[in-house]
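Structural characterization, general
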Amino acid sequence: AHKRSLTSLVDFYISSLRIVDRYQREFEESVGTVHSEILAPVIDAARHAYRQTIGHVQVIFTEHIERESWPPTGKLSNAAVFDTLVAPRLGEKGRRVAYLMVDALRYELGVELERMLTEVGTVELLPAYAQLPTITLVGMASLLPGAQKDLTLEYEKGKLVPKLDGVTVSNVTQRMTVFRKRFGDRFAEMLLKDVVGSGKKSKIADTVELLVLRSSEIDSQLESDPDNTLSLIPRTLKLIRAALNKLSQLGFQDVVIATDHGFFLNAHAEDGDTCIKPTGEVQYAAHDRLLLGNLAKGNSKDNHSVILSADKLGIRGSFAQAAFPRTMAPYSAGYRYFHGGLSLTEAIVPVLKIQLTTAKVTSNSEFQVHL
């Protein structure tokens, strides 16, 4: 009933199917503490069941993508988040807005975060459609002002280079310069963890009306050791909650939390569990989940990959075509955590809009503690 169209499938994922991703994440976190040969067949069976379910959905999803386009028409694209949700709030003089750019906050984590933030203010969770390829280099650039209109991807000296209105925005310094040129002393940026501190790094000038907070903990931890760092994800979510409480005390009224991409936990990876690459000139491979280049026309009916014009996938720039696997297998073996391609878990991302409750804390406040 949910596979008749791309919209109905995405709606099903947002409302229900994303729960399976949460269960799998919590399961893998628990498995990391279990050392029992007796449980090994049960663990393998659970992993296989998850992989079969998500693999089945992915085949349906890619069939819809071939007929339609990405991002879907009329839906909120990640590249429009700043101009649609942040910029209008900065039009009111004196209004203070925080913009959190959190790496690898996939949709089910956004739902968890929404539950944790109900006490800090009014929270609204929106689904957004990530910019392809779903990697940090591109995804963070898509969260900049004007990205929906001016973001392009170029191929220069063997590297993928995102540009905003012709200006390279490949690293943090270049991306923050975009904000600084536009907002001047109304803008400030820092790491998420610094805003909850009490040192010099945590100081925010009174002139600041747009504060950008950056977090890369989830992605960096999972990239380095996915088997042992899943338990650290809740720590990042709690850090976000603590930061919002601090922002409320500092007089910030609005917060928008956005992310660059989701991810897939490939715990059931097996030898040979890969996708055959299409032939042609592959200029760039995004985590071996999405290929960019001038791919051979004979691949138009490839049984292993979906091959489409880059424009149809919302990719503007110097690449003629893009290809991604029809299944959840990457183009190379060995990935236990990956992103970069086009799947529900990689490309449907959360955006949280929060209107903070004004916090009033005085030195003579009284508290009652019940133990």
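Refer to the structure printed above.
Cut-off values and rules
Residues numbered from 1 in each chain as written. Predicted model: local features only at pLDDT ≥ 70, side-chain atom pairs only at ≥ 80, totals over all residues. Heavy atoms only, no water. Helix = DSSP H or I, 4+ residues; strand = E, 2+ residues; numbered from the N terminus. Rg over C-alpha atoms; globule rule 2.2 N^0.38 Å. Buried < 20%, exposed > 50% of the residue type's maximum accessible area, 1.4 Å probe, protein only. Contact = heavy atoms within 4.5 Å. Areas by Shrake-Rupley, 256 points an atom, 1.4 Å probe, with all protein chains shown as cover. Lys, Arg positive; Asp, Glu negative; His and termini not counted. Charge placed at Lys NZ, Arg CZ, Asp CG, Glu CD. Axes fitted to C-alpha atoms, helices over the stretch in contact; angles between N-to-C directions. Parallel < 35°, antiparallel > 145°, perpendicular 65-115°, else oblique. Left-handed = near helix turned anticlockwise from the far one by under 90°. Core = buried A, V, L, I, M, F, W, Y, C linked by side-chain atoms within 4.5 Å. Pairing = 2+ DSSP bridges. Salt bridge = Lys/Arg side-chain N within 4 Å of Asp/Glu carboxyl O. Phe/Tyr/Trp six-rings, centres within 6.5 Å; stacked < 30°, edge-to-face > 60°. Polar contact = N/O pair within 3.5 Å; in protein donor to acceptor, adjacent residues only side chain to side chain.

1. Things to note about the overall build of the protein
Broken down by element type, the protein carries 12 helices and 15 strands. Here the C-alpha atoms of the protein give a radius of gyration of 21 Å, agreeing with the 21 Å that 2.2 N^0.38 yields for 371 residues. Evaluated residue by residue, the protein yields a buried proportion of 52% over its 371 residues. Pairs at least 24 residues apart make up 75% of the contacts formed inside the protein by residues separated by at least 6 positions. With an accessible surface of roughly 17100 Å², the protein has 50% of that area assigned to carbon and sulfur atoms. With 43 positive and 43 negative side-chain charges, the protein shows a separation of 5 Å between the mean positions of the two kinds.

2. A few points about the packing of helix H4 (residues 107-116) against helix H11 (residues 233-249)
Interhelical geometry of H4 versus H11 gives an angle of 45 degrees and a closest axis separation of 10 Å. Between H4 and H11, the angle falls in the class oblique. Every pair of crossing elements has a handedness; the one defined by H4 and H11 is right-handed. Here Leu109, Glu112, Leu113 and Met116 of H4 lie close against H11, whose contacting residues are Ile233, Leu237, Lys238, Ile240 and Arg241.

3. Here's the deal with the side chain of Gln24
Note on placement: Gln24 falls in helix H1 (residues 6-31). Judged by relative accessible area, Gln24 falls into the buried class, the value being 7%. Beyond its immediate stretch of four places on either side in the chain, Gln24 contacts Tyr50, Arg106 and Leu265.

4. Notes on the nonpolar core
The biggest cluster of nonpolar side chains holds 105 residues, and the ones touching the most others in it are Tyr99, Phe179 and Ile257. Among the nonpolar cores identified, the runner-up in size contains six residues, and Leu291, Leu295, Ala323 and Tyr331 belong to it.

5. Focus on the pairing of strand S11 (residues 290-295)
Most of S11 is tucked away: five of the six residues are buried. Sheet analysis places strand S10 (residues 280-286) next to S11, joined by six bridges and oriented antiparallel. Along S11, the bridge assignment pairs Gly280 with Leu295. Connecting S10 to the antiparallel partner S11 that follows it, the hairpin turn spans three residues, and His287 within it adopts a positive phi of roughly 50 degrees. Relative to strand S13 (residues 321-325), S11 runs antiparallel, the two sharing three bridges. Bridging from a neighbouring strand, Leu291 pairs with Ala323 of S13.

6. A short note on the sheet that holds strand S2 (residues 121-129)
Taking strand neighbours across the sheet as the criterion, the six strands line up as S2-S15-S8-S1-S7-S6 in an open arrangement whose pairing is mixed. With one partner strand each, in any of the chains shown, S2 and strand S6 (187-191) form the two edges of the open sheet. Averaged over all pairs of adjacent strands, the angle between their axes in this sheet comes to 20 degrees, without regard to strand direction. For strand S1 (residues 97-102) and strand S8 (residues 254-259), the ladder comprises six bridges, and the chain directions are parallel. Pairing of Leu100 across the sheet is with Ile257, part of S8.

7. Some remarks on the environment of Gly184
As for its placement among the helices and strands, Gly184 is situated in the loop between helix H7 (172-183) and S6. C-alpha of Gly184 to C-alpha of Val169: the two residues are 15 residues apart in sequence and 18 Å apart in space.

8. Concerning the pattern of salt bridges
For the coordinates displayed, the defined rule picks out 18 salt bridges. Taking the shortest distance from any N to any O, the salt bridge between Arg25 and Glu108 comes out at 2.7 Å. With Arg25 in helix H1 and Glu108 in helix H4, this residue pair connects regions lying 83 residues apart in the sequence. For Arg289, the salt bridge is made with Glu346, and the minimal N-O distance between the two is 2.7 Å. Taken together, the positions of Arg289 in the loop between S10 and S11 and Glu346 in helix H12 (residues 344-347) put the pair 57 residues apart, joining distant regions of the chain. For the pair shown, Arg289 and Glu346 are each scored as buried. The network of salt bridges with common partners includes Arg22, Glu26, Glu112 and Arg115.

9. Brief notes about the packing of aromatic side chains
For the coordinates displayed, the defined rule picks out 11 aromatic pairs. Three or more aromatic residues joined by ring pairs make a cluster, and in this case those are Phe82, Tyr99, Phe179, Phe183 and Phe187.

10. A few points about the sheet that holds strand S3 (residues 151-156)
Spatially, S3-S4-S5 is the arrangement adopted by the three strands of the open sheet, whose pairing is antiparallel. With partners counted over all chains shown, the strands left at the sheet margins are S3 and strand S5 (167-168), one partner each.

11. Some thoughts on the side chain of Arg96
Of note, Arg96 is situated in the loop between helix H3 (81-86) and S1. No salt bridge is formed by the buried Arg96. Its closest oppositely charged neighbour is Asp206, at 5.1 Å. A polar side-chain atom of Arg96 sits 2.8 Å from the main-chain carbonyl oxygen of Leu250. For Arg96, the contacting residues outside a window of four places in its chain are Ile204, Ala205, Asp206, Val208, Glu209, Leu250, Gly251, Phe252, Gln253 and Asp254.

12. A closer look at unusual backbone geometry
In this model, Trp70 is joined to Pro71 through a cis peptide bond whose omega is -5 degrees. Along the chain, the position of Pro71 falls in the loop between helix H2 (40-67) and H3. A cis geometry characterises the amide bond from Leu132 onward to Pro133, with omega recorded as -10 degrees. Note that Pro133 resides in the loop between S2 and helix H5 (136-141). The residue Asp288 is not glycine, and still its phi comes out positive at about 55 degrees. Inspection of the secondary structure assignment puts Asp288 in the loop between S10 and S11. The exposure class assigned to Asp288 is buried, which follows from its relative accessible area of 12%.

These values are about where atoms sit, not about what they do.
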